[in-house]
Amino acid sequence: MTSTSSKKNKYSVIGTSPIRHDALGRVTGKAKYGVDLRLTGMLFGKTLRSPHAHARIIKIDTSKAEAHPGVRAVITTKDMPIVKDEVADFGETMANYRLLAELCLANDKVLYKGHAVAVVAADNIHIAEEALSLIEVEYEVLPSVLTVQESMKEGAPLLHEQLTTRAVAARFTRGTDTGVQSNVASRILIEGGDVEAAFATSDVVVEREFNTKMVHQGYIEPHNETAFWAPDGHLTIWTSTQGAFGVRTQISKTLGLSESHVKVVPMEVGGGFGGKIRSYMGPTAALLSKKTGRPVKIVMNRKEVFESSGPTSGSNMRAKIGATKDGKITAAQVYLAYEAGAYPGSPVGAGASTCLSPYNLQNFSIEGLDVVVNKPQVSAYRAPGSPAAALAVETVIDEVAEKLGMDPIDFRLKNATKEGDRQVSGVVFPRIGCVEVEEAIKNSDHYNSPLEGKNKGRGTAMGWWFNGGNASTAMVTVNSDGTVGLVTGSVDLAGTRTALSMQVAEVLGITPEEIYPSVGDTDSIGWTGPSGGSRTTFSTGIAAIQATNIIIDEMKKRAALLWETQPEDISFVNSTFISSKNSNDKFSFKELAGKLMGTGGPLSASSTSNPTQVGSAFGGHICDVEVDTDTGKVTVLRYTALQDVGQAAHKAYCESQVQGGAVQGIGWALNEEYYYTNDGTMANSTFLDYRMPTALDLPMIDTILVEVPSPGHPFGIRGVGEVPIVPPLAAVANAIADAIGVRLTELPMNPASILAALKNKK
Amino acid sequence: MPTVWIPSLAQRSTGAPEKVYIPQGSLRQIIRNLEELHPGLWNEIMDQDEDRIKPELAVAIDGETNHFGLIQQIEETSEIHFIPAISGGS
Amino acid sequence: MTDKIHVKTNLNGDNVDFLCEARQSLLEVLRDGLDMTGTKEGCNDGNCGACTVFLDGRIVDSCLVLAVEVEGKSVSTIEGVADVDKLHPVQQAFLENAALQCGICTPGFIMAAKALLEKEPDADEGRIRLWLAGNLCRCTGYDKIIRAVQSAGKDMQNI
C-alpha cells in the first residue's frame, strides 16, 4: 500500500504512472545489455588479478600465456601510456586520471587483492582463463592494513610513499599539503559556534562510537566493456555505464586519444547505483583491440565484481549530541574516518556535509578523514558517504530523545530545519520538506499502529541528500503526424526515458505514448552528465523542457505565417495554438505538426541544461522488527519509507526508487559486509555469502510520497534516487534497540552480533 | 558588501574569521582581496597549477552552484560558500 | 582446439541442435552459442536466479546445468514465453505494476513466477516470497514484483 499526501494532482501527465517505453524489451529478454553484445570476430578478455593485498611487482612473464593456442594478445602496465597527473571533472566524481589508469592496470605496486596485473584476449573465455594461469608474476609481499584504525596507527605500512595528508576534503586530488606522511589522504573540518561551551550547558549528552564495514552496491549485472580500435584510430566502446561521456573522457585521457576519436555507446545497464560511473576495463579492452585488430569484450565475473570494482567505505565514527531538557539540541560533534580503499577518494566530505542537515544547529563540529587501506578503491554508492554518517547521528538522536523522555519525532520536529536555516556549510536552505516529512511520519498509519509483543520494536530515522545538477542535453523532434522524438544523453537505469517523456508530454499537452524516447551515444547527442546523483529526471528534464519550449516558439512562428500575423499574437494553451487576432485561427499541436514541411521544413531543437538551483530532499523511515533472542535473527515486520519528492514525475517509479533504496539500506544494516581474513582476502565474494535481501527477508515496503515542490524545476521535481538509502541503517538500528533494549553500534547487525549484544547486556 | 564564508580549516590556518566582507566584483577579484586581508587564503582556495578554483571545491553563490568560475560577477548582497564538491550514485 | 559434442534438444518448442564443449554450461551455450541473450548471468554459481530456465518443465539455474545434459530434453527460455502477438499474463503484470527497474533480473523472475502460477495461481504472498527467494533483485526491494505476481495469478485463474 502506498499513498501520496498531496491532494489532487495538478498535472495531466506528471504524477501518473504510464507503462515504460522500454519495458517490453526487458520483460521479453530482447533488451540488449552490455553483457549481451556480440560482434563479428570478437575476442574474450580476462584479467589476471593480484593474490596479495599489498605487494611490489618485481617481474611479469607473459610468454607462456602468449604462446598458448587461442590467445591473441596479452598486456601489462608496459602497454599503458603514462597518464599526466591530471585532475579533472569526471561527471560528478572528480578523478585523477593517472590513478584511474593504475586502477585499471597496476603500475609498480598492487594495493589490494584483486588489483589488475595483466589482461589476456583469447578466442573464448575458457582459453582466456587458461592463459591467466600461465602468466608468471613475481611479487614482493608487503604488510597490509585493512581498517582505518590500523591504517592510521603510528608506523603503519604506507600504501603510497608520496602521499601526504591534504588538509581539504578531496578525492584523488590536491589540497593544502600539510607535509605529514601517512595513509590519511585528507582531512575535512566543518565547524560553527562553540561546541564545548554548548555541551557544558546541556542536560543530556550522548556519545557513541560506531564501526561499519565495506559493502557493495550489489548490481546483478557485472561490469562489461567491449572495445574496437579501428584501423583509422577510431575507438568505439560499448559498455553498461551510467555515463557515456565520463567514460569517453576517462578513456581518451588514459590512452592519449582525442575525444572525437573515442565513441562510447551506452548499452542497457543491469544496475549501477553509482558503481558504474567509472570504467575498469575500457582502457585494457581498447589496448587489446589495438594489438589484435579485433573487438575485445571483457566481463567481470561475480568474484571480480566484489573484489575488484568499487564498493563503499567501511568506517569508524563517533557522534556526540547534547540537548537541554526542553528538547532543544545544544551541540553536535561528529567524527568520521572512512576507508578510501587503495587510492584516496572516500565520500567522507559528503557524509560530513549531510549528516546534520535535519537539524537547525548553531554549534557543531564535524571532522572527516579520508584513509587509504589495502582494499578495492571505493566507488559511489547511492548517496555516498551519507548512510553511515546518518547511522551515527540518527541513533544518537534517538538515544537523546529516549533519555529526555520525548517522542523521537517530536524531538526532531523541535529542532527541524526549515527554509532559511543554514546547512553546516553555511549555505541557506531554500524551500525544503524536513518538517513536512516528519509530520507525515507522525500522521502515518504505521506510526500510529500499536506494536505489541515481546522483542518487538519500532525505530525511526531521518536522512538528507542533495540532488545533482550538472549538464544534460536533450533533443526534441516533431514528426509530421504529431508524434515526437526525444533523444537525451541520459542512460536509462530505471525508467527515466519515460519520466523525461512525461515532462515533454506535459508541456506539449500530448500523451507520453506519443513520444518515443531514446538514449544517444557520445557521437549522436550533446554532452550529458552521468545518470546518478539524483539528477536525471531533474536536470535532463529541464533540458527536455527547454528544447520543447524552443519547438513551441518555432511552431508559433509557423502558425503566424499561416495566419498572416505575428508570433507574439500566438499563444499555446491546452496543446492548441491560438491567435489572439482571430478566435477561429486554431491548430492543435498535431495539426500544426502536419504543416511544418510546408512552412519552412522539419523541426527539431536541442538544449543543454546546467541548473544552478539544485534542490535537495529529506526522507524519513519507520521500521518495525521482531528479534528472535534465541537465534539473533531480526525479522522486519513492517516498513514505511517517506520522502519529499517535490513533485512525483512518474509516480510508480518514484515509489520504486524509494523502495529499492530502503531495501539496500536494510541489507546494509542487517547482513551485508565485506568479510576480510587477516591476509586481506574478502572471504565472502559470492552472492551466497555476501548476503543481500531476498524476497523472503522482507515485508511489503510502504511508501508515502510527500510533495514540497522544489523551486529549481518547472514542475517542482526533486531528485529521488539516493535519499531512500540514507535513513534505513539508523531506522533498523533504532528498531532493534527498542526491541531488545540494547544499542548496537557495529554493522552489520547480524544474528551473531545480536546474540553477543544480548549476552553483554546481562 | 558580498559575504564570503571561510571554510573551517582555512580559518584555522590563516586566522581568518568565519565570515569576511569583501567589496563587490568578480569572484577572482574577491579572492585576491581575501588574500590581502588574510594571507594564505589564495592557496587554500585556488588550484596551485591551473588558473581555477581547486576542483575539489564547489562554489555556491546564494545557494546556487556557480558555472562561470572566476569571471562570475558577485552581487552586493550575495553570499559565497566554498563547499566540498561531492559525487553521487544512483 | 577442444573436441565438440553434438547436442540435439527442443528449445522453446523447436527442435534444435548445437555443438558445444563438455565444459560449457547451458547458460553459456544459450547466450554465446545460440545468441539467446535473454537469459542473464549474474553470478555463474547458482545464487542469483538470473539464469532461470525451464528444463523438462522444471525451473533450473542454467549456469548449473551442463549444455550436454539437455540432450533429448526440452528447454524453455524467456524468449519463448510470449506469443507472437500477446504477452504472457506474468509479463503483462510486470509492465502494468512497474515491477522492474533495471530489468536484468526480470527474465529470471518471469520464468520462476510462471513456474509457480502454472501450478498455484492462487499462491499467497508468503508462498510467492518463498518461491522467489532464489531470485535476487537489487533494484526494486521486491514489493512491486510480489504485487505483479499476485495480479498475474488472478488473471491466470480467470483464464
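Since we're looking at a predicted model, the values are computed, not measured. Counting from 1, residues in each chain are numbered in the order their sequence is written. By the order in which they are written, chains take letters starting at A while ligands take numbers starting at 1. Totals for whole chains, interfaces and linings use all residues, but because this is a predicted model, local features are given only for residues with pLDDT of at least 70 and pairs of side-chain atoms are given and counted only at 80 or more. Each side-chain value is worked out from all heavy atoms of the structure, with water and hydrogens disregarded.

Residue and element names in this part refer to chain A. Residue ranges for the domains trace back to a domain assignment, done automatically or taken from a database. Once the domains are mapped, chain A shows domain 1 (1-11 + 430-467 + 614-762), domain 2 (34-142 + 221-303) and domain 3 (472-609). A straight line from the C-alpha centre of domain 1 to that of domain 3 covers 38 Å. Contact definition: two residues touch when any of their heavy atoms are within 4.5 Å. With 19 residues of domain 1 at the interface, the matching set in domain 3 holds 13 residues. The largest share of the area that domain 1 buries against domain 3 comes from His 650, His 713 and Phe 715, three residues that together contribute 30% of it. The working definition used for a salt bridge is a side-chain nitrogen of Lys or Arg within 4 Å of a carboxyl oxygen of Asp or Glu. Along the contact surface separating domain 1 from domain 3 lie zero salt bridges. Polar contact is the term for a pair of N or O atoms within 3.5 Å; when the atoms are in protein, one must be able to donate a hydrogen and the other to accept it, and sequence-neighboring residues count only if both atoms are side-chain atoms. Linking domain 1 with domain 3 are two residue pairs in polar contact (both at pLDDT 80 or more). In this classification, Asp, Glu, Lys and Arg are treated as charged, Ala, Val, Leu, Ile, Met, Phe, Trp, Tyr, Cys and Pro as nonpolar, and every other residue, Gly included, as polar. Of the residues belonging to the side of domain 1 that touches domain 3, the class tally is ten nonpolar, eight polar and one charged. The buried area of a pairing is the accessible area, by a 1.4 Å probe, that goes missing from both parts when the two are put together, added over both.

Residue and element names in this part refer to chain A. Points on a 1 Å grid, built from protein atoms alone, make a cavity when a 1.4 Å probe fits but cannot get out and make a pocket when they are open with protein on both sides within 12 Å along at least 5 of 7 lines; residues with an atom within 4 Å of a point are the lining residues. Grid points are joined across faces, edges and corners, and a volume is the space filled by probe spheres set on the points. Enumeration according to the criterion identifies 14 cavities of 30 Å³ or more in this entry. Each pocket or cavity is described by its volume, and for the largest cavity that value is around 430 Å³. Forming the walls of the largest cavity are 35 residues, and the residues nearest its centre are Thr 496, Thr 537, Gln 657, Val 720 and Gly 721. When the residues that make up the lining of the largest cavity are grouped by side-chain class, the tally is 15 nonpolar, 17 polar and three charged.

Bringing the pattern of salt bridges into the picture now. A side chain with one charge can pair with a side chain of the opposite charge if their charged atoms come near. Residue and element names in this part refer to chain A. According to the stated counting rule, one finds 50 salt bridges over all chains in the structure shown. One salt bridge connects Arg 497 with Asp 22, and the closest N-O pair in it is separated by 3.4 Å. In this pair, Arg 497 sits in helix H15 (residues 496-508) while Asp 22 sits in the loop between strand S1 (3-4) and helix H1 (23-28), placing the two residues 475 residues apart along the sequence. Exposure class is identical for Arg 497 and Asp 22. Each is buried. As a salt-bridge pair, Glu 140 and Arg 56 come within 3.7 Å of each other at their nearest N and O atoms. In this pair, Glu 140 is assigned in strand S9 (residues 136-141) and Arg 56 in strand S3 (residues 55-61), connecting sequence segments 84 residues apart. By relative accessible area, which is 36% here, Glu 140 ends up partly exposed. Each of Arg 20, Asp 22, Arg 26, Glu 268, Asp 492 and Arg 497 takes part in salt bridges that share partners, so that together they form one network. Helix and strand labels come from DSSP, where a helix needs a run of H or I of at least four residues and a strand needs a run of E of at least two; each type is numbered from the N terminus. Each residue's exposure class comes from its accessible area (1.4 Å probe, protein chains only) as a fraction of the maximum for that residue type: buried when under 20%, exposed when over 50%, partly exposed otherwise.

Here we come to the packing of aromatic side chains. For Phe, Tyr and Trp, where Trp contributes only its six-membered ring, two rings pair if their centres lie within 6.5 Å, and the inter-plane angle classes them as stacked under 30 degrees, edge-to-face over 60, or tilted in between. Under the criterion given, the structure shown has 16 aromatic pairs over all chains. Between Tyr381(A) and Trp668(A) the ring centres are 5.4 Å apart and the planes differ by 10°, which places this aromatic pair in the stacked class. Taken as a pair, Tyr381(A) in the loop between strand S20 (364-372) and helix H11 (386-404) and Trp668(A) in helix H18 (residues 651-670) lie far apart in primary sequence, 287 residues in all. By relative accessible area, which is 1% here, Tyr381(A) ends up buried. Looking at Trp668(A), the relative accessible area reads 3%, which means it is buried. A ring pair is formed by Phe109(C) and Tyr142(C), whose centres lie 6.2 Å apart and whose planes are at 55°; its orientation type is tilted. Residue Phe109(C) is located in helix H3 (residues 106-119), and its partner Tyr142(C) is located in the loop between helix H4 (125-131) and helix H5 (143-158); the two are separated by 33 residues in the primary sequence. Residue Tyr142(C) is classed as buried on the basis of its relative accessible area, which comes to 1%. Here the aromatic cluster, defined as three or more aromatic residues joined through ring pairs, consists of Phe306(A), Tyr674(A), Tyr676(A), Phe687(A) and Tyr690(A). Charge over a ring is defined by NZ of Lys or CZ of Arg lying within 6 Å of the ring centre and within 35 degrees of the ring normal. Between Lys114(C) and the ring centre of Phe54(C), over which it is positioned, the NZ or CZ distance is 5.0 Å.

With 49 residues of chain C at the contact, the number on the chain A side is 60 residues. Across the interface of chain C and chain A, roughly 4400 Å² is buried in total on both sides, 56% from carbon and sulfur atoms. On the chain C side of the contact with chain A, Gln101(C), Arg129(C) and Arg138(C) bury the most area, a combined 19% of that side's loss. For the pair chain C and chain A, the number of links is six salt bridges. Note that Glu655(A) and Lys144(C) form a salt bridge whose closest N and O atoms lie 2.7 Å from each other. Applying the counting rule to chain C against chain A returns 30 residue pairs in polar contact (both at pLDDT 80 or more). Going through the elements one at a time, helix H1 (26-33), helix H2 (89-96), H3, H4 and H5 of chain C are the ones with two or more residues in the side of chain C that touches chain A. Residue composition of the side of chain C that touches chain A, by class: 20 nonpolar, twelve polar and 17 charged.

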